[in-house]
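Coordinate analysis (summary)
What follows is the residue order along each chain.
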Amino acid sequence: MTVTSTATAPSTPITARHLSPSSAPPHSIRTVVSYTSRDLVLYALGIGCCSDGGSDTHDVNDFDAPSGSREGRYVYELNSEFRPFPTFPLALAFNALPDRRVDGESEHANVSDFGARPFPPAYMGGGGDGEGLLPRRFILPPPGGDRGDDDDDDDELDPRLFPAIHVSQSLRLHCPPPTPRIGGDGSVGGAAAYDPPVPVRLETAIVAVAPKKVGTFVTTETEYFLDEESCTDGSPRHLCTARSTALLVGVPPGRVLAYRANRGMPRSNLYPPAPPEPPSPGVANSNNSDRVCIAVKYEYCTRPDQALLYRLSGDYNPLHVQASLSAMALGGMSDQDGGRSGSVPARPILHGLCTLGFAVRAVMEEFRRRYGGGGD
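What you see is a predicted model; the values in this text were computed from it and never measured. (Residues numbered from 1 in each chain as written. Predicted model: local features only at pLDDT ≥ 70, side-chain atom pairs only at ≥ 80, totals over all residues. Heavy atoms only, no water.)

Points about the overall build of the chain
Inclusion rule: Here a helix means four or more residues in a row that DSSP labels H or I, a strand means two or more in a row labelled E, and each is numbered from the N terminus. Partly exposed describes any residue whose relative accessible area lies between the buried limit of under 20% and the exposed limit of over 50%, with all areas from a 1.4 Å probe on protein chains only and scaled to the type maximum. In this analysis, two residues are considered to be in contact whenever any of their non-hydrogen atoms come within 4.5 Å of each other. To be clear on the numbers: accessible area is Shrake-Rupley with a 1.4 Å probe, and residue cover counts the displayed protein chains and nothing else.
Of the regular secondary structure elements, the chain holds eight helices and nine strands. A burial count over the chain gives 43% of its 376 residues as buried. In the chain, the proportion of contacts linking residues at least 24 apart, taken out of those at least 6 apart, comes to 72%. Entry remark: accessible area of the chain is about 19,700 Å², with carbon and sulfur atoms responsible for 53%.

What follows is the structure in structure tokens.
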């Protein structure tokens, strides 16, 4: 993936002492991401497509045929029905790099498309000079103090030093992400000619900051647009809208400015509920709201190295590799909530978006079973 990004900042420097929850400006970052067939395949493998012994049995020779593996369309670029997995756009934001320019040219123009990415990514305010997931203008001075103009204050709080956990994610697709057009033999123009990248523009803004005892929850909203050059009518196509919430574990709530953006409509109207589905045959309905009725159950197996494979799609948060960081994050949560979050595992925790991918695979399989078709 190749990326450029620019951040939109207020014209006048603003500090937390000048803000109120209604006047705080959104943290707006614009990025441009390009993806290829390789990225689609790597993401699909990262969420277990065709490799976990689930309900989609297959033979390796069936990956190129619609009548073979139903998930082969996500892992083999020459499959006649090859396409992005529906949740693939969520991986794009993690591949953003800051667009630093030297003599008018991007500093990253010659950087390998497939290099590792820093964490947090640019859309979270990452990078060498980034402010991190929680910008400085949301940090309040210590009780009885004032930030003033002294950046060397010993009491200055740096949210980048606190572990971040991805706790919530939503995605609303407005149209299917385009599939790269494979063509030629690659002898002329290299990989870019054989597998031309698809450029996508992302616009991310902070929509809520909620300081709590366990830490601070930061919610961002990202709009995805197909690049103008990729649209036949010359106008950017709105691909999807994603809303993400991350928890900065242990940030003192008294040092953070609570904030909620005015998005023009309540959140419930942004994501209207889907119409109710008819119950599955043989499943009894229950009027008891405290009772959970499981209509269908799917079981998938994750690999011991699932996090190591999934992180290659862009989320290089070391928390998913280093057990000590996972223990520190989850241990901090347990300490803050009085132990209600349970014991701390000895192994690194799996990416939440990877778990989401497995869950969506099950939903798609059930949809296909009930209504036919490919499920997406």
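Some points on the environment of Arg 370
Note the following rule: Side-chain atoms alone can form a polar contact between residues adjacent in sequence; in general such a contact is a pair of N or O atoms within 3.5 Å, and within protein one must be able to donate a hydrogen while the other accepts it.
By the secondary structure assignment, Arg 370 is in helix H8 (residues 352-371). A distance of 2.9 Å separates a polar atom in the side chain of Arg 370 from a polar atom in the side chain of Glu 366.

Re H8
Residues spaced three or four apart along an α-helix point in a common direction, a consequence of the helix completing one turn every 3.6 residues. The line we're drawing: A helix is expected to span 1.5 Å multiplied by its residue count minus one.
Compared with an ideal rise of 1.5 Å per residue, which puts 20 residues at 28 Å, H8 spans 28 Å between its outermost C-alpha atoms and is within 8% of the ideal. Its buried side turned inward, H8 meets helix H1 (37-46), helix H2 (72-75), helix H3 (89-92), strand S5 (164-173) and helix H6 (306-310). Note on H8: the residue one or two positions beyond its end, Gly 372, has a positive phi of about 80°.

Brief notes about the nonpolar core
Stated formally: To qualify as a nonpolar core, a set must consist of buried Ala, Val, Leu, Ile, Met, Phe, Trp, Tyr and Cys residues joined through side-chain atoms within 4.5 Å.
In this structure, Phe 85, Leu 134 and Tyr 224 are the most contacted members of the largest nonpolar core, which totals 53 residues. Counting residues per element, the ones that place at least two in this core are strand S2 (28-35), H1, H2, H3, strand S6 (198-212), strand S7 (215-226), strand S8 (237-249) and H8. It is S6 that provides the largest number of residues to this core, a total of six residues. The contacts of Phe 85, once residues within four sequence positions are left out, are Tyr 43, Ile 47, Cys 49, Tyr 74, Gly 357, Val 360, Arg 361 and Met 364.

A few points about the packing of aromatic side chains
How we decide: The criterion for an aromatic pair is that two Phe, Tyr or Trp rings (for Trp, the six-membered ring) have centres within 6.5 Å, with stacked assigned to planes under 30 degrees apart, edge-to-face to planes over 60 apart and tilted to the rest.
Under the criterion given, the structure shown has eight aromatic pairs. With a centroid separation of 6.3 Å and an interplanar angle of 65°, the aromatic rings of Tyr 300 and Phe 358 are classed as edge-to-face. Of the two residues, Tyr 300 is situated in the loop between helix H5 (267-270) and H6 and Phe 358 in helix H8; the sequence distance between them amounts to 58 residues. Residue classification places Phe 358 among the buried residues on the basis of a relative accessible area of 8%. With a centroid separation of 4.8 Å and an interplanar angle of 50°, the aromatic rings of Phe 367 and Tyr 371 are classed as tilted. Of the two residues, Phe 367 and Tyr 371 are both situated in helix H8; the distance of four residues between them amounts to about one turn of the helix. Classification of Phe 367 as partly exposed rests on a relative accessible area of 41%. Each member of the aromatic cluster is reached from another via a ring pair, and the members are Tyr 35, Tyr 43, Tyr 74, Phe 85, Phe 88 and Tyr 310.

Details of the pattern of salt bridges
Quick note on the threshold: We count a salt bridge whenever a side-chain nitrogen from Lys or Arg sits within 4 Å of a carboxyl oxygen from Asp or Glu.
Counted under the stated rule, the structure contains twelve salt bridges. Glu 156 serves as the salt-bridge partner of Arg 136, at 3.4 Å between the closest nitrogen and oxygen. Placement of the pair is Arg 136 in the loop between strand S4 (105-106) and S5 and Glu 156 in the loop between S4 and S5, with a sequence separation of 20 residues. Among the residues examined, Glu 156 registers a relative accessible area of 28% and is labelled partly exposed. With a shortest N-O distance of 2.9 Å, Asp 305 and Arg 303 are connected by a salt bridge. Note on Asp 305: relative accessible area 28%, which makes it partly exposed. Of the residues examined, Arg 303 reaches a relative accessible area of 38% and is grouped as partly exposed. Several salt bridges share partner residues, and in doing so they unite Arg 70, Glu 365 and Arg 368 into one network.

Observations concerning the pairing of S8
The condition that has to hold: Only when DSSP finds a minimum of two bridges between them are two strands counted as paired.
A large share of S8 lies buried, amounting to eleven of its 13 residues. Of the pairings in the sheet, the one linking S5 to S8 comprises nine bridges and is antiparallel in character. The residue of S8 that forms the bridge with Ala 164 is Leu 248. One ladder, built from twelve bridges, connects S7 with S8; its direction is antiparallel. Residue pairing in the sheet places Gly 215 in a bridge with Val 249 of S8.

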